[in-house]
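So the chains spell out like this:
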Amino acid sequence: MFFVIVLLASFFTACNNSDNDDSAQTSRMMVRLVDAPGDYDEVNIDVQDVMIKASTDSGEEGWVSIVSDDFIPGTYNLLDLTGGVNLLLADNVVPSGYLGQIRLVLGENNTLVKGDDVINLNTPSAMQSGLKLEVNQTLQAGASYEFILDFDVAKSVVSAGGSGMYNLKPVIHVSATATSGVIKGVVSPVLEGYQVQVSIPVGDTTISTFANETGMFQLNGVPAGTYTVTLTPDAASGKTAIMVADVVVENGEITDIGSVSFE
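Values in this document were obtained by computation on a predicted structure and should not be read as measured data.

Conventions used here
Residues numbered from 1 in each chain as written. Predicted model: local features only at pLDDT ≥ 70, side-chain atom pairs only at ≥ 80, totals over all residues. Heavy atoms only, no water. Pairing = 2+ DSSP bridges. Helix = DSSP H or I, 4+ residues; strand = E, 2+ residues; numbered from the N terminus. Axes fitted to C-alpha atoms, helices over the stretch in contact; angles between N-to-C directions. Buried < 20%, exposed > 50% of the residue type's maximum accessible area, 1.4 Å probe, protein only. Salt bridge = Lys/Arg side-chain N within 4 Å of Asp/Glu carboxyl O. pLDDT = per-residue confidence, 0-100. Contact = heavy atoms within 4.5 Å. Core = buried A, V, L, I, M, F, W, Y, C linked by side-chain atoms within 4.5 Å.

A. Summary view of the sheet that holds strand β13 (residues 172-178). Taken together, four strands build an open sheet; the order of strands is β5-β1-β10-β13 and the sheet is mixed. Either end of the sheet is taken by a strand with one partner, and the two such strands are β5 (87-95) and β13. Here the average twist between neighbouring strands, direction ignored, is 20 degrees.

B. Examining the pairing of strand β10 (residues 144-152) more closely. When you tally the buried positions in β10, you get seven out of nine residues, the bulk of the element. Where strand β1 (residues 26-36) and β10 come together, nine bridges link them in parallel fashion. When the bridges of β10 are listed, M30 appears paired with E146. Here β10 runs beside β13; their pairing, made up of seven bridges, is antiparallel. The residue bridging F147 from the neighbouring strand is A176, located in β13.

C. Just the pattern of salt bridges, in detail. For the coordinates displayed, the defined rule picks out five salt bridges. A single network of salt bridges, built from pairs that share partners, joins E60, R103 and K132.

D. Summary view of the confidence of the model for the chain. Of the residues in the chain, 89% reach a pLDDT of 70 or more, and the chain-wide mean stands at 86. Across residues 1-23, where pLDDT falls below 50, the model places 30 contacts with residues more than four positions away in sequence or in other chains.

E. Structural view of the nonpolar core. Residues M29, V31, L33, V43, L89 and F147 are the most contacted members of the largest nonpolar core, which totals 41 residues. A total of five residues in this core trace back to one element, the largest contributor, which is strand β2 (residues 42-53). Excluding anything up to four places from it in sequence, L33 contacts V47, L78, L81, N86, L87, L89, L149 and F151. Ranked by size, the runner-up nonpolar core spans 21 residues in total, among them I200, V202, Y227 and I257.

F. Structural view of unusual backbone geometry. Cis rather than trans, the peptide bond between S188 and P189 has omega equal to 0 degrees. Within the fold, P189 resides in the loop between β14 (181-187) and β15 (196-202). Phi at N136 is positive, roughly 50 degrees, even though this residue is not glycine. Within the secondary structure, N136 is located in strand β9 (residues 131-139). In the Ramachandran plot, D246 falls in the positive-phi region, its phi being about 60 degrees despite a non-glycine side chain. Judged by relative accessible area, which is 63%, D246 ranks as exposed.

Shown next as structure tokens:
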């Protein structure tokens, strides 16, 4: 995992040259495959890899694989991926910043089943090297994102005239949904020599962090909603906890509660 993060960090570095450099910050990225069904019994697609790239250029440089450790490359029936069922292709931590493209890499074992007939789908070599899908999304540090690849079977499987052969020309629609947001702020002045814990309740659990040596803190992966943020200093500091109420979080957004001071 460390090796993957190092590769991804170098992959995004060129796109994060602003004064507020996010190249060392990360976001969570999930990629799921679903199907818009067609009039077949089975459409079996040989899925080998999912890759991402920070830019939208057409070159072959800069692609990095993000498939989940438990994803098994192989053949999947797209018609099983309907009615809310999906195939999780990737669930990984990636560097925050601009995301240009997602690439779905297919193998050669693609078939169509109609009744008792199993028909090989002729797959262009370009599809086997990867179907490039433009997403043009900026990933905020600390937030989670879900990308849905909707495989349109009816448009992707094309009859080759009256020969009884079929070609696979994938038509995939990409949609992105931010599934969490971020709360950040700063303790000012800093309580020198004492830790300050920052926390919010989320259902049956708690999301928490500590302010750093400059007083800055950030709560990542916070679902959309309204929260009370509690800042609890080390008891030895002699300071009492502070509660900041009515903090609104929106998916894909950073909520800055500003400066908080202990009297």
